[in-house]
4 protein chains.
Amino acid sequence: MRTVIGVVGGAVVSHDALHNAYSVGRLIAERGWVLLNGGRNAGVMEASARGANEAGGLVVGILPADNTTGVAPSVDIAIPTGMGDARNAINVLASQVVIALPGGPGTISEVALALKAGRNVVLLGFPLGVPFAAYYERGQLADVSTPHEAVAAVAALLDDPEHS
Amino acid sequence: MRTVIGVVGGAVVSHDALHNAYSVGRLIAERGWVLLNGGRNAGVMEASARGANEAGGLVVGILPADNTTGVAPSVDIAIPTGMGDARNAINVLASQVVIALPGGPGTISEVALALKAGRNVVLLGFPLGVPFAAYYERGQLADVSTPHEAVAAVAALLDDPEHS
Amino acid sequence: MRTVIGVVGGAVVSHDALHNAYSVGRLIAERGWVLLNGGRNAGVMEASARGANEAGGLVVGILPADNTTGVAPSVDIAIPTGMGDARNAINVLASQVVIALPGGPGTISEVALALKAGRNVVLLGFPLGVPFAAYYERGQLADVSTPHEAVAAVAALLDDPEHS
Amino acid sequence: MRTVIGVVGGAVVSHDALHNAYSVGRLIAERGWVLLNGGRNAGVMEASARGANEAGGLVVGILPADNTTGVAPSVDIAIPTGMGDARNAINVLASQVVIALPGGPGTISEVALALKAGRNVVLLGFPLGVPFAAYYERGQLADVSTPHEAVAAVAALLDDPEHS
């Protein structure tokens, strides 16, 4: 079974966030992991898929719609769910670790659902602060500032015998 | 069609939050609205259902499990979904306005999904601050400190011709 | 907790099927049960909701869309799910017994999901035959030809100590 | 984007059905298509995944549980959904064509949901007859008796300009 790493983030984000998403995608692919994201042809989804694709990686897109209209061109395996934002719960269950880049309430819902499901979440340039203080304290949630730090944090979690 | 107001909040919360949940439930029922929550026999779900029930109201519980084990005794209509936390998306879509009391990441996911779905959210004793600043600014999210304020805020939103 | 009976069937059906749906709705309400269906303003959904409503009953509609556009006017509590046909799984989990009237593949999927979930299904004018032979044999599935027979069959199942 | 072919069928089936599932898996992989199924380590799911895997193909398993316990060992990409049988709707939406082998009501629900979603379904040793007569007539549903016939039927559908 392949290691699947989720990348979540907004459809409309800053140039820096897009650049980070692209780099995270490349680094995930270079590690040999599968990249899973929300699959749409926008923002963090498009950029991270493109990064992984250009590095020869495999990209799974879990789409909110019931068809593949609007899928990012770098997605290899499109999974239309027809479930709208309820598919956010699937995105995080299907990821061994989640990297979150800047986004709106959809992204925050994925961070929250990931934490509830026991997943570790690495926040790349997206500090969430007080409402999630308990998860920072127990080390389930961490802020990083570069794509390399994000992927190194994921690698450390995957190697950790305490982390299932 | 009945007006349905969602109440979300944690399964393990403070005595004050339980008291507020009970009072919010009563006040919702007294307004003639249906109370919708996560249906479990714990915390904000149990207390708000009991409050509505004791005031003669109708309570709908949208359960994560595929059966009614563990449903709060004050729930009139139990809807087991078998979808785990993906049912959080349903909780907010089925509510015209959402009142959120203190809770953990499950509750935060419901606030976030509600905002994404265009619902107004009233936070009762559960300020979320910075990550949701844009929604506070546009008035889609508001902090209140008493059950009466929460229900008055809902009533004002339902009366507002700008608010669908 | 109220007893909830599911009624499933097509959006475009014969005059006879519509008449049966209306009558089943009335009879469910007269028994004091809640009627749950797919909530749309069409076919078996609309007619059964109207029947229950005119007899003073309570109607819950579990909608495929993420909003209440197109809801049947007799629905009291609309639950938009935003999940398309995945909501068929909820329809049957939320029903203690399911009555199926004529319909297309959506209706057949609900019969099949109900049987898989351990629900008894009463087929009113909708014999399904060979593919479900094992379920007819064990008594989990039965053909009836009138609304009174359908509701009497449900009542017998609810009274049966073997039937949870 | 890769072509994804869904294979559905029971967890407990005959020796012949298992053999057909294995062969269908091999043939799907040899065509360069991705095999998608329910992912569990049983019956048609396990055998078809193993066939595809041994022919060097890629296997996606859409699991009903919220974790990967009980996943078939030949699954490359496991997608736990935590949605129980509601995930059947995803299985068919994510497949361009569906091949159905013998199974119980879960399998029938997937055939029905696939037809409703506009997917073509090839029934391999699993004739469903009367309840689906309209779909046989319009050519959206077809019976075949060997794995080679099933995969040839899928190939013809994928090549057909009328078939999206």
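Residues numbered from 1 in each chain as written. Chains lettered and ligands numbered in written order. Predicted model: local features only at pLDDT ≥ 70, side-chain atom pairs only at ≥ 80, totals over all residues. Heavy atoms only, no water.

### A word on the sheet that holds strand 6 (residues 120–124) of chain D
Strand pairing in a sheet is mediated by backbone hydrogen bonds. Such pairs are either parallel or antiparallel.
Residues and elements named next belong to chain D.
Now for step 1: Pairing in this open sheet of 7 strands is parallel, and the strands run 4-3-2-1-5-6-7 from one edge to the other. Edge positions in the open sheet fall to strand 4 (77–80) and strand 7 (141–144), since each of these has one partner strand only. Put simply, the sheet's adjacent strands are angled 20 degrees from each other on average, direction ignored.
Now for step 2: Pairing of strand 5 (residues 97–100) with strand 6 involves 4 bridges; the strand directions are parallel. Looking across to strand 6, one finds that Ala100 is bridged to Leu123.
Now for step 3: Lying over the sheet, helix 2 (residues 43–54) contacts strand 1 (4–8), strand 2 (34–37) and strand 3 (59–63), oriented at roughly 165 degrees with respect to strand 2.
Now for step 4: Strands strand 1, strand 5, strand 6 and strand 7 of the sheet are contacted by helix 4 (residues 105–116), whose axis makes an angle of about 150 degrees with strand 6. (Pairing = 2+ DSSP bridges. Helix = DSSP H or I, 4+ residues; strand = E, 2+ residues; numbered from the N terminus. Axes fitted to C-alpha atoms, helices over the stretch in contact; angles between N-to-C directions. Contact = heavy atoms within 4.5 Å.)

### As for the relation of the copies chain D and chain C
The operation linking the two copies of the chain is a rotation about an axis combined with a translation along the axis.
Now for step 1: Expressed as a screw transformation, the operator carrying chain D onto chain C has a rotation angle of 180 degrees and an axial translation of 0.0 Å, and the superposed copies differ by an RMSD of 0.0 Å. Expressed as an axis order, the relation between the two copies is that of a two-fold axis. Among all residues of chain D, the one whose C-alpha sits closest to the rotation axis is Ser109(D), at a distance of 2.1 Å.
Now for step 2: Same-surface contact between copies: 100% of interface residues of chain D are shared with the interface of chain C. (Least-squares fit on C-alpha atoms with pLDDT ≥ 70 in both.)

### Thoughts on the interface of chain A and chain D
Now for step 1: Contacts between chain A and chain D engage 25 residues on the former and 25 residues on the latter.
Now for step 2: Counting the surface lost from both chain A and chain D, the interface buries some 1,800 Å², and carbon and sulfur atoms represent 77% of this.
Now for step 3: Summed over the three residues of chain A that lose the most area to chain D, namely Met1(A), Ile77(A) and Leu93(A), the buried surface amounts to 29% of that side.
Now for step 4: Counting every contact that joins chain A to chain D gives 0 salt bridges.
Now for step 5: If you look at where chain A meets chain D, you find 2 residue pairs in polar contact (both at pLDDT 80 or more).
Now for step 6: Of all the elements in the fold, those that place two or more residues in the side of chain A that touches chain D are strand 2 (34–37), strand 3 (59–63), strand 4 (77–80) and helix 3 (87–93) of chain A.
Now for step 7: For the side of chain A that touches chain D, the element with the most residues is strand 4 of chain A, which contributes 4 residues.
Now for step 8: Looking at the side of chain A that touches chain D residue by residue, the class counts come to 18 nonpolar, 3 polar and 4 charged. (Buried area = accessible area lost by both parts, 1.4 Å probe. Salt bridge = Lys/Arg side-chain N within 4 Å of Asp/Glu carboxyl O. Polar contact = N/O pair within 3.5 Å; in protein donor to acceptor, adjacent residues only side chain to side chain. Nonpolar A, V, L, I, M, F, W, Y, C, P; charged D, E, K, R; others polar.)

Take it as geometry only, folks, not as evidence of what the structure does.
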